[in-house]
Amino acid sequence: METRLRIAVQKSGRLSEKSLKIIRDCGIKFGSDSRLLKEEADNFPIEFLYLRDDDIPRYVYDGVADIGIVGRNEFDEQDLPLEELKDLGFSKCRLSIAVPEGFPYHGLKSLEGLRIATSYPGILAKKLKEATVDARIYEISGSVEITPAIGVADAICDLVSTGATLASNGLREVEAIYYSTAIMIGHPGLSMEKRAILDRLMLRVDAVMRADDYKYIMFNLPKEHLDQAAAIIGGMKSPTVTPLLDESWCAVQSVVQESRFWDVLEQLKALGAQGILVTAIEKMAD
Ligand code: ATP
Ligand code: ZN
């Protein structure tokens, strides 16, 4: 039987869609039928296990799955000896302390002796210890935000992305104690065969992620400004320069980091660049 790398992804939730998208962007074809527990890809030796996110680190640790995609929060909370393969950057959120409106909060010290409800007791305990705050942690698996209203806790520590859920429960976010994104984790003792499949997969994941980080840019420029333009673009290699019929001008092509894009565009315009064309990059490998 052919060896397949088994990847655990969240069955249904905030991570599911983006986890599957990144694999699909790697050119890997599969049905993504979330009613299934297990599914094989058609054109790459991997198979999917669709699980609850909380179970993913454990399954990878036990070797039921070889790799998995999970929030860093879940990975750190469970604190299992797994390999962190890559930060995938999506599903950004933070773990924050929130208190009822009117609660006088002046830093973690304000929580001394109080009850804090959370689904992340490990991460919270570590943070409180660092701040030498002694509080009582109530571990709750869901709907943490209702606990102050029903008198179970004085404050909460919960995942937030926009804060809308907190506000609708009369709570105020006062301090972020931890930041999370989705990460790819792996079983530390993969066989040579599986490691080889993983290397192939990671090459593709890197190419997909890098492509997202860059734009392809083309423009015409008076030749005399070429050195300045190259300095503005910076980046990995010198740009490709093609002569134009008008000998005082040239055409330039290069890649620019998305985060610097607008800045670069403005500076190039100021140098006299014309006909600036920008396109997305689909894949980008070294
Ligand atoms: P499951 O049924 O798989 O146990 P869940 O309800 O525990 O699902 P989700 O709410 O889907 O989990 O969140 C999964 C992960 O998505 C979180 O662990 C976190 O890493 C990330 N995430 C991103 N934004 C948020 C947010 N606003 N609230 C909660 N989690 C978020
Ligand atoms: Zn969960």
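**Q** How should I be thinking about the coordination of the zinc ion (ligand 2) in this particular structure?
**A** As a benchmark, a tetrahedral metal site with four donors has ideal angles of 109.5 degrees, while an octahedral site with six donors has ideal angles of 90 or 180 degrees. Coordination of the zinc ion (ligand 2) by the protein comes from Asp53 (OD) and Asp54 (OD), over a distance range of 1.9 to 2.1 Å. One way to put it: the 4 donor atoms around the zinc ion (ligand 2) meet at angles of 76 to 176 degrees, and that makes the site irregular. Residue classification places Asp53 among the buried positions, given a relative accessible area of 18%.

**Q** Can you help me understand the environment of Ala131 in this one?
**A** With respect to the element layout, Ala131 can be found in the loop between helix 4 (121-130) and strand 8 (136-139). Taking C-alpha positions, Ala131 is 7.1 Å from Leu108, a pair spaced 23 residues apart along the chain. Setting aside anything within four residues of it in sequence, one finds Ala131 in contact with Leu108 and Lys109.

**Q** I tried to follow the pattern of salt bridges on my own but got confused; where do I start?
**A** A side chain with one charge may pair with a side chain of the opposite charge, provided their charged atoms come close. One pass over the structure, following the stated rule, counts 15 salt bridges. The salt bridge partner of Arg72 is Glu84, with a shortest N-O separation of 2.7 Å. Of this pair, Arg72 sits in helix 3 (residues 72-78) while Glu84 sits in strand 5 (residues 83-87), placing them 12 residues apart in sequence. Arg72 gets classed as buried once you look at its relative accessible area, which sits at 18%. Salt bridges sharing partners connect three or more residues here, namely Glu2, Arg4 and Glu40.

**Q** Is there a simple way to explain the packing of aromatic side chains in this structure?
**A** The geometry of an aromatic ring pair is captured by two quantities: the separation of the ring centres and the angle between the planes. If you walk through the whole model with that rule in mind, you get 3 aromatic pairs. For the ring pair Phe30 and Phe48, a centre distance of 4.4 Å and an interplane angle of 40 degrees mean the geometry is tilted. With Phe30 in the loop between helix 1 (16-25) and strand 2 (38-40) and Phe48 in strand 3 (residues 46-51), the pair connects residues that are 18 residues apart, well separated along the chain. When sorted by exposure, Phe30 lands in the same class as Phe48, which is buried.

Basis of the calculations
Residues numbered from 1 in each chain as written. Chains lettered and ligands numbered in written order. Predicted model: local features only at pLDDT ≥ 70, side-chain atom pairs only at ≥ 80, totals over all residues. Heavy atoms only, no water. Donors = N, O, S within 2.8 Å, 3.2 Å for Na, K, Ca; no water. Tetrahedral: all angles 85-135°; square planar, octahedral: opposite > 155°, others 65-115°. Buried < 20%, exposed > 50% of the residue type's maximum accessible area, 1.4 Å probe, protein only. Helix = DSSP H or I, 4+ residues; strand = E, 2+ residues; numbered from the N terminus. Contact = heavy atoms within 4.5 Å. Salt bridge = Lys/Arg side-chain N within 4 Å of Asp/Glu carboxyl O. Phe/Tyr/Trp six-rings, centres within 6.5 Å; stacked < 30°, edge-to-face > 60°.

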